[in-house]
Amino acid sequence: MTELISGAVKRSRERGPRRERTWKTLSPLLRLLILTQLAFNVGFYAVLPFLSEHLGSIGMVGWLVGLVLGLRTFSQQGLFVLGGALVDRYGVRPVVLAGCTLRIAGFAWLGYAERPAAVIGAVLLIGFAAALFSPAVESEVARQAVSWEQAGNGPRTRVLALFTVAGQAGAFVGPLLGALLLAVDFRTVCLAGAVVFVLVLAGHAWLMSQHIPGRTRVSGRGGVRAMLRNRRFLALCGAYGAYLLAYNQFYLALPDEVARAAGSQAPLAWLFALSSLLVVSVQLPVTRWAGNRLDLRRSMAIGLLLISAGFVVVAARPAAWTGVAGLAPAAGFVVLLTVGQMLVVPTARAWVPDLAAEGRLGLYVGALSSVSGLIVLVGSAATGSLLDLGLPHAVPWLVLATIPALAILLLPRGVDSPQSTEEPGDITTSGTPV
């Protein structure tokens, strides 16, 4: 076994045999959580890609459709921090079960909703459900990944990469399932999504223990205040938010670039498929390579640099290039963005346990999503305005390239002692397992 010393976090890692598959070394709980992520995304993406078209078909005007979609995002991403705090207070199992129950109700309601008020209520319920179960699953995966690493199985990023692959596979399969069921009607799609979550609910109720070893219940006091004083964690949130803002250009800037080069947005579907297939097929080797050679800070920095390089590739496209040649820079952007994502996402998730206060991992995992989501919300308006200014083709892309590059400066350095930031009395003296 070759021992690697992480310069950024000063912890030792052991390198497992190359041929040993990560999956075989996982605990039953980790396998359940990773399969849960796969099922979550199958059910979610079977419905949501077809929502806007359905809302138009029942007579909702464009601004109202946009409002509904925005409310869904806000009720999910914005409330992750609340869901994470509830996980720390009540444990993983009850929060996951509550989230699944609300998602089932939300999908069933959406299938029958026709009035705007009913649709809004359904999508808010769907979003809040994710704000409950996603922080619960993600925080427990992160905690279990640390234990897996400490047991000498290899860098924790391997587990988190497998979690990412499962989610991406679900995001790939879900729309295919939804498209098949849409041949019947949208209600059938929604009910099928609800059935997926019924299965997830049943699986967790049966297989997940009420008391997970190593978890202790904490009170609801003081955790947020201590987190807001944790500069290193907030710096990670800022860097991760910059990544998400850059990744959001997949949906904002890239469609215009494809239309400019090809005359329509038809090739966009192939580029989306390329990204998904790259994650499913290459994520684990990339993470294994990075985990054996790079500490967390360097891994995330390289990922951000690759994303920045993707914007530069598009900025350098000669104006005369059209058709297949014109799409080559867009394809290069997708490849670099996706490979950068493969480094950034598992690394950021792996870093949070090192920065979180004792017993508050759910809160910090939820806050990572909520704070970075707020950055995307504000930044997307600014980047959208930038794209509408009529500037020369290269200028917006070069400006966008600076966002992930500058985010490298935010990445924390050195060793963190997050436990010292917790206020006295926050952790229950009984140490009740959850």
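Residues numbered from 1 in each chain as written. Predicted model: local features only at pLDDT ≥ 70, side-chain atom pairs only at ≥ 80, totals over all residues. Heavy atoms only, no water.

Enquirer: Please clarify how the overall build of the chain should be interpreted in this entry.
Expert: For the chain, the count of helices and strands is 18 helices and two strands. Buried positions account for 53% of the 434 residues belonging to the chain. In the chain, the share of contacts with a sequence separation of at least 24, taken over all contacts with a separation of at least 6, comes to 84%. Of the roughly 18400 Å² that the chain leaves accessible, carbon and sulfur atoms contribute 65%. (Helix = DSSP H or I, 4+ residues; strand = E, 2+ residues; numbered from the N terminus. Buried < 20%, exposed > 50% of the residue type's maximum accessible area, 1.4 Å probe, protein only. Contact = heavy atoms within 4.5 Å. Areas by Shrake-Rupley, 256 points an atom, 1.4 Å probe, with all protein chains shown as cover.)

Enquirer: For this particular structure, what's the right way to read the nonpolar core?
Expert: The tendency in soluble globular proteins is for nonpolar side chains to be buried side by side. One finds Leu 110, Phe 233, Leu 254 and Met 300 to be the most contacted residues of the largest nonpolar core, which totals 105 residues. If you tally residues by element for this core, the top one is helix 7 (residues 116-150), at 15 residues. Contact partners of Met 300, with chain neighbours within four places excluded, come to Leu 236, Ala 239, Tyr 240, Val 344, Thr 347, Ala 348, Trp 351 and Leu 411. (Core = buried A, V, L, I, M, F, W, Y, C linked by side-chain atoms within 4.5 Å.)

Enquirer: I'm lost on empty space enclosed by the protein in this one. Help?
Expert: Think of a ball as big as a water molecule: rolled over the atoms, this probe shows where empty space is left. For the structure shown, the criterion picks out three cavities of 30 Å³ or more. Roughly 80 Å³ of internal volume is contained in the largest cavity. In terms of lining, the largest cavity is formed by 13 residues, of which the most central are Thr 157, Ala 290, Gly 291, Ser 299 and Thr 347. Mapped onto the lining of the largest cavity, the elements with two or more residues apiece are helix 14 (268-293), helix 15 (296-315) and helix 16 (323-355). If you tally residues by element for the lining of the largest cavity, the top one is helix 16, at four residues. (1 Å grid on protein atoms, 1.4 Å probe; cavity = no way out; pocket = protein on both sides within 12 Å on 5 of 7 lines; lining within 4 Å. Points joined across faces, edges and corners; volume = space filled by probe spheres on them.)

Enquirer: Is there a simple way to explain the environment of Tyr 112 in this structure?
Expert: By the secondary structure assignment, Tyr 112 is in helix 6 (residues 92-112). Residues Tyr 112 and Leu 191, spaced 79 residues apart in sequence, show a C-alpha to C-alpha distance of 9.6 Å.

Enquirer: What exactly am I supposed to notice about helix 18 (residues 394-407) here?
Expert: Note: α-helices contain 3.6 residues per turn, so residues at a spacing of three or four share the same orientation. Its 14 residues give helix 18 an end-to-end C-alpha distance of 21 Å, which sits within 8% of 20 Å, the value for a rise of 1.5 Å per residue. Listing the buried residues of helix 18 in full gives Pro 396, Trp 397, Leu 400, Ala 401, Pro 404 and Ala 407. Considered in projection along helix 18, the buried side chains sweep an arc of 140° and stay on one side of the axis. Where helix 18 is buried, its residues touch helix 11 (231-247), helix 12 (249-252), helix 13 (254-262), helix 15, helix 16 and helix 17 (361-387). (Expected span 1.5 Å × (residues − 1). Arc of directions from axis to C-beta.)

Enquirer: It is not clear to me how the confidence of the model for the chain should be interpreted in this structure. Could you clarify?
Expert: Mean pLDDT over the chain works out to 81, with 87% of the residues at or above the 70 mark. Of all the helices and strands in the chain, strand 1 (residues 3-5) carries the lowest mean pLDDT, 36, while helix 15 carries the highest, 95. Below pLDDT 50 for its whole length, residues 1-20 participates in 49 contacts with residues either more than four positions away or in separate chains. Every residue in residues 415-434 is under pLDDT 50, and counting partners more than four places away or in other chains gives 57 contacts. (pLDDT = per-residue confidence, 0-100.)

Enquirer: What should I look at first to understand the packing of helix 11 against helix 15 in this one?
Expert: Two measures define how a pair of helices packs: the angle their axes make with one another and the distance between the axes. Viewed as axis vectors pointing N to C, helix 11 and helix 15 meet at an angle of 30°, and their least axial separation amounts to 11 Å. By the criterion of interaxial angle, the relationship of helix 11 to helix 15 is roughly parallel. Pair helix 11 / helix 15 crosses with left-handed handedness. Across from Leu 236, Ala 239, Tyr 240, Tyr 243 and Ala 246 in helix 11, the residues of helix 15 making contact are Met 300, Leu 304, Ile 307 and Phe 311. Of the residues assigned to the contact of helix 11 with helix 15, the class counts are nine nonpolar, no polar and no charged. (Axes fitted to C-alpha atoms, helices over the stretch in contact; angles between N-to-C directions. Parallel < 35°, antiparallel > 145°, perpendicular 65-115°, else oblique. Left-handed = near helix turned anticlockwise from the far one by under 90°. Nonpolar A, V, L, I, M, F, W, Y, C, P; charged D, E, K, R; others polar.)

Enquirer: Hey, could you run me through helix 17 in this one?
Expert: Here helix 17 spans 38 Å end to end across 27 residues, near enough to the 39 Å set by a 1.5 Å rise per residue. Helix geometry: helix 17 is bent most strongly at Gly 379, by close to 25°. (Bend = angle between axes of the 7 residues up to and from the residue.)

Enquirer: Help me understand the pattern of salt bridges in this model?
Expert: Oppositely charged side chains can pair when the atoms bearing their charge come close. Summed over all chains, the structure comprises six salt bridges. The partner of Glu 140 in a salt bridge is Arg 143, and the shortest N-O contact between them spans 2.9 Å. Residue Glu 140 and its partner Arg 143 are both found in helix 7; the two are separated by three residues, about one turn of the helix. Glu 140 sits in the buried class, given a relative accessible area of 0%. What emerges from the salt-bridge pattern is a single network uniting Glu 149, Arg 156 and Asp 354. (Salt bridge = Lys/Arg side-chain N within 4 Å of Asp/Glu carboxyl O.)

Enquirer: Got a minute to help me understand the environment of Ser 308 in this structure?
Expert: Note that Ser 308 resides in helix 15. With 62 residues separating them in the primary sequence, Ser 308 and Ala 246 have C-alpha atoms 8.3 Å apart. Dropping the residues within four chain positions of it, Ser 308 is found in contact with Ala 401, Pro 404 and Ala 405.

Enquirer: Is there a simple way to think about the packing of helix 6 against helix 9 (residues 186-207) in this case?
Expert: Orientation of helix 6 relative to helix 9, taken along the N-to-C sense of each, is 165°, at an axis distance of 8 Å. When the interaxial angle is binned, helix 6 and helix 9 end up roughly antiparallel. The two elements helix 6 and helix 9 cross, and the hand of that crossing is left-handed. Between helix 6, through Arg 93, Val 96, Leu 97, Cys 100, Thr 101, Arg 103, Ile 104, Phe 107, Ala 108, Leu 110, Gly 111 and Tyr 112, and helix 9, the contact on the second element is made entirely by Phe 186, Arg 187, Cys 190, Leu 191, Gly 193, Ala 194, Phe 197, Val 198, Val 200, Leu 201, His 204 and Ala 205.

Enquirer: Honestly, the side chain of Ser 372 in this entry has me stumped. Any pointers?
Expert: Structurally, the position occupied by Ser 372 is in helix 17. One polar contact links the side chain of Ser 372 to the main-chain carbonyl oxygen of Ser 369, over a distance of 3.2 Å. With sequence-adjacent residues up to four places away left out, Ser 372 is seen in contact with Cys 237, Tyr 240, Gly 241, Leu 244 and Ala 367. (Polar contact = N/O pair within 3.5 Å; in protein donor to acceptor, adjacent residues only side chain to side chain.)

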